[in-house]
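# Structural features, examined
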Amino acid sequence: MPYSVVTGDVFSAHDSPGHPESQARLDAALAGVPADARRIAPERATLEDLSRVHTRRHIEAIRSLCGECPPGRACYLDPDTYVTRQSFDAALYAAGAARQAVERALDGEHCFALVRPPGHHAAPDRAMGFCLFNNAAVATARALGEVDRVAIVDWDLHHGNGTQAAFYTSDRVLYCSVHLAGIFPGTGWPEERGAGPGVGYTVNAPLAAGSAGADYALVFGEIFIPALRRFKPDVVVVSAGQDTLSDDPLGSMQLRPGDFGALTGMLADAGPVALALVLEGGYGRSHAKAVGAIVAALDGVRPLSGSGEAKTSTRQFVEAYAGGGRAVPQ
């Protein structure tokens, strides 16, 4: 399949230099995108797009807070999450770019939306964890107006609590998350499997600190890929947070840049549908190399996955999951 990236300068309007989630980290990540990659300018999401996931009160609160923030300053919603005067507009472009990536994937083209602010912690009624609006969820909700089923795979260091909450009762969205156990936001345990019609369509794989590519490859190969094949989505959205890199200052995992290419390849080869990736976390020096490995995989390169041995705890988790009769319903 062909591939493209959606990105632009509009995201620099949401910036607080020195904060981990600043424009500098997106600039660094973009260094991993080949010069000849097809780049597409982002478009703004509409308020209707946002309202499929977020409450009107939340949307208006973010707009109001941004309007009240003094020019040239960052105003904090909580100890981690800030806005600037232009953040509302930047966040609309981030959600819109995610929507574009999904639309291109539905047209048969892999696409990576390299955006900020990130989104997977943003709940329907709350901003948190650096996130204002949930880009992947907004794009997914929009796509559900055209297709039957969407799968979301989240490999960020942290659990995507906002994405899980958005689709927890739906049998039209399969949400699979692999993440470090027990850290912010405190969610993402195996027992969280969905509610009502959505029971079985949330798949959480919390791993121990120090997990590496072999652990992630095992979870993908034994849990996520079988779930995707059983679910048969019309498109696969990836919440692509590379803060599991071994040199990430906010993380404690041991993935290498090439591991992300391997995981991307596994997803691309799992079915006939294209991938729509949306940038989440990632703050380490090797982030550009990880982005480069992802893009290379979208372009057809297939590196070896997960060298070495998976942790005993990961193997035990996978065995317990498979033995617990937790297959995704058809």
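For the structure, check the block above.
An account of the accompanying structure is given in this report. (Residues numbered from 1 in each chain as written. Predicted model: local features only at pLDDT ≥ 70, side-chain atom pairs only at ≥ 80, totals over all residues. Heavy atoms only, no water.)

## What to know about the pattern of salt bridges
Two side chains bearing opposite charge may form a pair once their charged atoms approach each other closely. The following threshold applies: What makes a salt bridge here is a side-chain nitrogen of Lys or Arg within 4 Å of a carboxyl oxygen of Asp or Glu, nothing more. Each helix corresponds to a stretch of at least 4 residues labelled H or I by DSSP, and each strand to a stretch of at least 2 residues labelled E; elements are numbered beginning at the N terminus. With a 1.4 Å probe rolled over the protein chains alone, any residue whose accessible area is under 20% of its type maximum counts as buried; one over 50% counts as exposed, and the rest are partly exposed.
Using the criterion set out here, one finds 14 salt bridges in the structure. The partner of Arg99 in a salt bridge is Glu43, with the nearest N and O atoms 3.2 Å apart. Of this pair, Arg99 sits in helix α4 (residues 87-106) while Glu43 sits in the loop between β2 (39-40) and α2 (47-51), placing them 56 residues apart in sequence. On the basis of relative accessibility, which here comes to 42%, the residue Glu43 falls in the partly exposed class.

## Side note on the pairing of strand β7 (residues 173-180)
Filter applied, for reference: Place the viewer so that the strands point away; then a crossover is right-handed whenever the path from the first strand over the helix to the second strand goes clockwise. Here, a strand pair is defined by DSSP locating no fewer than two bridges between the strands.
With eight of eight residues buried, β7 lies mostly within the body of the structure. The β-α-β motif built from strand β6 (residues 150-154), the intervening helix α6 (residues 161-166) and the parallel element β7 has right-handed crossover chirality. Summarising the sheet, β7 and strand β8 (residues 202-207) pair through six bridges and their orientation is parallel. Bridge pairing links Leu180 to Leu207 in β8.

## Some words on the side chain of Asn204
This is how the line gets drawn: Any pair of nitrogen or oxygen atoms within 3.5 Å is treated as a polar contact; in protein, a donor-acceptor pairing is required on top of that, and neighbouring residues in sequence qualify only through side-chain atoms on both sides. Contacts are residue-level and defined by heavy atoms, with any inter-residue pair within 4.5 Å sufficient.
Position of Asn204 relative to the elements: it lies in strand β8. Side chain to side chain, Asn204 and Gln164 meet in a polar contact 2.9 Å long. A polar side-chain atom of Asn204 sits 3.4 Å from the main-chain carbonyl oxygen of Trp189. Sequence-distant contacts of Asn204, defined by excluding residues within four places in its chain, comprise His159, Gln164, Tyr175, Ser177, His179, Gly188, Trp189, Pro190, Glu192, Phe317 and Tyr321.

## Digging into the nonpolar core
Threshold: Put simply, buried Ala, Val, Leu, Ile, Met, Phe, Trp, Tyr and Cys residues joined by side-chain atoms within 4.5 Å make one nonpolar core.
Counting residues in hydrophobic clusters, the biggest one holds 99 residues, and the most contacted among them are Phe112, Trp155 and Phe224. The dominant element in this core, judged by the number of residues it contributes, is α4, at eleven residues. Apart from the residues within four sequence positions on either side, Phe112 is in contact with Ser4, Val5, Val6, Ala240, Leu277, Val278, Leu279, Val291, Ile294, Val295 and Leu298.

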